[in-house]
Amino acid sequence: MASPRYSKEKYMVYRGLTLMLTNRCNASCAFCGLRCGPSGDQVMSLSLGRRLIDEAAALGFERVGVTGGEPFLVPNLMFELLEYAKEVGIPKRTVATNGFWGSWSEEKLEEAAERLKACVTHVSVSHDAFHAEYVPTESVFRAADALAEKKIECSIHVADLYGEKGAGPFMASLAERGMYRVFSVYPLAPYGRAEDLPREIFIRSESWDTTSCNTCGILAVSPDGTLFPCCSLGSQDMKLCLGNVNTSSLSGLLAGTREMQVMNVLSDPESFRDFMRYAKEELGIELPEKVSCGCDLCYLVFRQAGIMERIQAYMERAYGNLLLKALFKKVGGEQDK
């Protein structure tokens, strides 16, 4: 088995990279964490996308995903990058879309599905009561059917909240049209445009002191090259930017920065909860008793002015404790052999 390309004692091992190809979208959903829409004018360059894929492959990343905005609004860029990711040996290559392209002509839809078959391993489609205001369900199901015919793995993701726009009422409205399709339901969190929605509609079922970070080891790069340490839809409003890949390499931005110390601490469930307790009790940051997920908490904490400076000493201690814990675990494992 090949040795790891970089040390997890130095910084958290990432295994995936998400490329936000554009902030343009044919929809303007009221809950969009990235605030994308038809007026978006940013598009990632092909050369930057290819360079990032090369670096991801060199770091041993297992996955490259493309999203937006809506990636099918820049189809040539999307396909060229996915095909290149396959060429350099990235095992998992994914697309996140709203499925509007299911309304394309038979010929164009067949061409797109055939090309996807050659370069992707999974397609995720976002469709719920919010997306349905812009993309007809029939278009989504037509896209899903085209993928199924090519035996491309596909799932439909439905945002959930209380009220008439929740996942329950929406999926019930699909009736038999939704049969034999793979759905995934997730709770909305109040960030991005969703900040303007009434607070009482959000499903907050987790206690702030028992939830954890859901980073999943996925980095995200915006169209302008800004590198974020997770794929949370609220990441662009937080103070956890790792830098810009136009002026540094991925490995350079991942090594030794204070933000990476923070991400190591947050990725450990016990350390995450200890930090949130510190933020609430010592920094005086108001946290709700119930949250939708760990992202909900990070969004509240890391939007605070000057937060990185305020927590620097704490994070240095917490990171040091993590390294000690990793060392003791390693030594203990060797002694057990």
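This one's a predicted model, so the numbers in the text were calculated from it and none came from an experiment.

Rules used in this analysis
Residues numbered from 1 in each chain as written. Predicted model: local features only at pLDDT ≥ 70, side-chain atom pairs only at ≥ 80, totals over all residues. Heavy atoms only, no water. Pairing = 2+ DSSP bridges. Helix = DSSP H or I, 4+ residues; strand = E, 2+ residues; numbered from the N terminus. Contact = heavy atoms within 4.5 Å. Axes fitted to C-alpha atoms, helices over the stretch in contact; angles between N-to-C directions. Core = buried A, V, L, I, M, F, W, Y, C linked by side-chain atoms within 4.5 Å. Buried < 20%, exposed > 50% of the residue type's maximum accessible area, 1.4 Å probe, protein only. Parallel < 35°, antiparallel > 145°, perpendicular 65-115°, else oblique. Nonpolar A, V, L, I, M, F, W, Y, C, P; charged D, E, K, R; others polar. Salt bridge = Lys/Arg side-chain N within 4 Å of Asp/Glu carboxyl O. Left-handed = near helix turned anticlockwise from the far one by under 90°. Right-handed = clockwise from strand over helix to strand, strands pointing away. Polar contact = N/O pair within 3.5 Å; in protein donor to acceptor, adjacent residues only side chain to side chain. Phe/Tyr/Trp six-rings, centres within 6.5 Å; stacked < 30°, edge-to-face > 60°. Lys NZ or Arg CZ within 6 Å of the ring centre and 35° of its normal.

Colleague: Any chance you could explain the sheet that holds strand β9 (residues 226-228) here in plain terms?
Modeller: Within a sheet, neighbouring strands are paired by backbone hydrogen bonds and run either parallel or antiparallel to one another. In spatial order, the strands read β6-β5-β4-β3-β2-β1-β8-β9-β10; together these nine strands make up an open sheet with mixed pairing. Two strands bound the open sheet, and with one partner strand each, they are β6 (183-187) and β10 (243-244). Pairing of β9 with β10 involves two bridges; the strand directions are antiparallel. Bridge pairing in β10 places L227 opposite G243. Packing against the sheet, helix α4 (residues 137-149) makes contact with β4 (122-126), β5 (154-160) and β6, and its axis sits at approximately 150° to β5. Across the sheet, helix α5 (residues 167-174) lies against β5 and β6, angled at about 135° from β5, the strand it touches most.

Colleague: Explain the nonpolar core here, please?
Modeller: General note: in soluble globular proteins, nonpolar side chains tend to be found buried as a group. Core analysis: the largest hydrophobic core is formed by 93 residues, its most contacted members being L19, F275 and F302. Residues M20, L34, A159 and F202 belong to the second largest nonpolar core, which totals 18 residues.

Colleague: How should helix α7 (residues 258-267) be read in this particular structure?
Modeller: An α-helical turn contains 3.6 residues, so a residue and the one three or four places further along point in the same direction. With seven of ten residues buried, α7 lies mostly within the body of the structure. Within the sequence span of α7, burial applies to E259, M260, V262, M263, N264, V265 and L266.

Colleague: Whenever I open this one, the packing of helix α2 (residues 75-87) against helix α3 (residues 106-119) confuses me. Can you help?
Modeller: Each pair of packed helices can be described by the angle between their axes along with the distance between the axes. Where α2 contacts α3, the axes come no closer than 9 Å and their chain directions differ by 25°. Taken as axis vectors, α2 and α3 run roughly parallel relative to one another. Between α2, through N76, F79, E80, L82, E83 and K86, and α3, the contact on the second element is made entirely by A112, R115, L116, A118 and C119. Among the residues forming the contact of α2 with α3, the class breakdown is six nonpolar, one polar and four charged.

Colleague: Mind showing me how you'd approach the pattern of salt bridges here?
Modeller: Think of it this way: side chains of opposite charge can pair up when their charged atoms draw near. For the structure on display, the rule yields 15 salt bridges. Of the charged contacts, one joins R277 and D274 as a salt bridge, the two residues approaching to 3.2 Å between their closest N and O atoms. Here D274 and R277 lie together in helix α8 (residues 269-281), a separation of three residues that amounts to about one turn. For R277, a relative accessible area of 30% gives the class partly exposed.

Colleague: In this structure, what is going on with the packing of helix α1 (residues 46-58) against α2? I would like to understand it.
Modeller: Between α1 and α2, whose axes approach to 10 Å, the crossing angle comes to 20°. Compared by their axis directions, α1 and α2 come out roughly parallel. Between α1 and α2 lies a crossing of right-handed hand. Within the contact between the two elements, α1 uses L46, G49, R50, I53 and D54 and α2 uses L77, E80, L81, Y84 and A85. Among the residues forming the contact of α1 with α2, the class breakdown is six nonpolar, one polar and three charged.

Colleague: Help me understand the side chain of K150, please; the structure alone is not making it clear to me.
Modeller: Tracing the backbone through its elements, the reader meets K150 in the loop between α4 and β5. Excluding anything up to four places from it in sequence, K150 contacts E110, A113, E114 and K117.

Colleague: For this particular structure, what's the right way to read the pairing of strand β2 (residues 63-67)?
Modeller: Remark: a regular strand shows side chains that alternate across the two faces of the sheet. The buried fraction of β2 amounts to four of the five residues, a majority that puts the element mostly inside the structure. Both strand β1 (residues 16-20) and β2 contribute to a ladder of five bridges, which runs parallel. Within β2, the residue paired with L19 across the bridge is V66. Following the backbone out of β1, through α1 and into the adjacent parallel β2, one traces a crossover that is right-handed. Both β2 and strand β3 (residues 92-97) contribute to a ladder of four bridges, which runs parallel. The residue of β3 that forms the bridge with R63 is K92. Traced from β2 through α2 to β3, the parallel crossover comes out right-handed.

Colleague: How do you make sense of unusual backbone geometry when you look at a structure like this?
Modeller: Note: most peptide bonds trans; most residues except glycine with negative phi. The omega torsion across G68 and G69 is 15°, close enough to zero to call that bond cis. For G69, the location among the structural elements is in the loop between β2 and α2. Located in the positive-phi region is K151, a residue other than glycine, with phi close to 60°. Relative to the assigned elements, K151 resides in the loop between α4 and β5.

Colleague: I keep staring at the environment of K290 and nothing clicks. Help me out?
Modeller: Following the sequence through the fold, K290 ends up in strand β11 (residues 290-291). For K290, a relative accessible area of 39% gives the class partly exposed. Apart from the residues lying within four places of it in its own chain, the contact partners of K290 are R204, S205, E206 and S207. A polar side-chain atom of K290 sits 3.3 Å from a polar atom in the side chain of S207.

Colleague: Got a minute to help me understand the packing of aromatic side chains in this structure?
Modeller: What describes a pair of aromatic rings is the distance from one ring centre to the other and the angle between the planes of the rings. For the structure shown, the criterion picks out ten aromatic pairs. Aromatic side chains F31 and F130 sit 4.9 Å apart centroid to centroid with 70° between the ring planes, which places their arrangement in the edge-to-face category. In this pair, F31 is assigned in the loop between β1 and α1 and F130 in the loop between β4 and α4, connecting sequence segments 99 residues apart. The class for F130 is buried, based on a relative accessible area of 4%. Geometrically, the ring pair formed by F100 and W104 is edge-to-face, given 6.0 Å between the ring centres and 85° between the ring planes. Within the aromatic cluster, the residues linked to one another by ring pairs are F72, F79, F100, W101 and W104. Directly above the aromatic system of Y84 lies the positively charged group of R50, at a separation of 3.9 Å from the ring centroid. Seen from the ring of F141, R181 lies directly overhead, with NZ or CZ sitting 3.9 Å from the centre.

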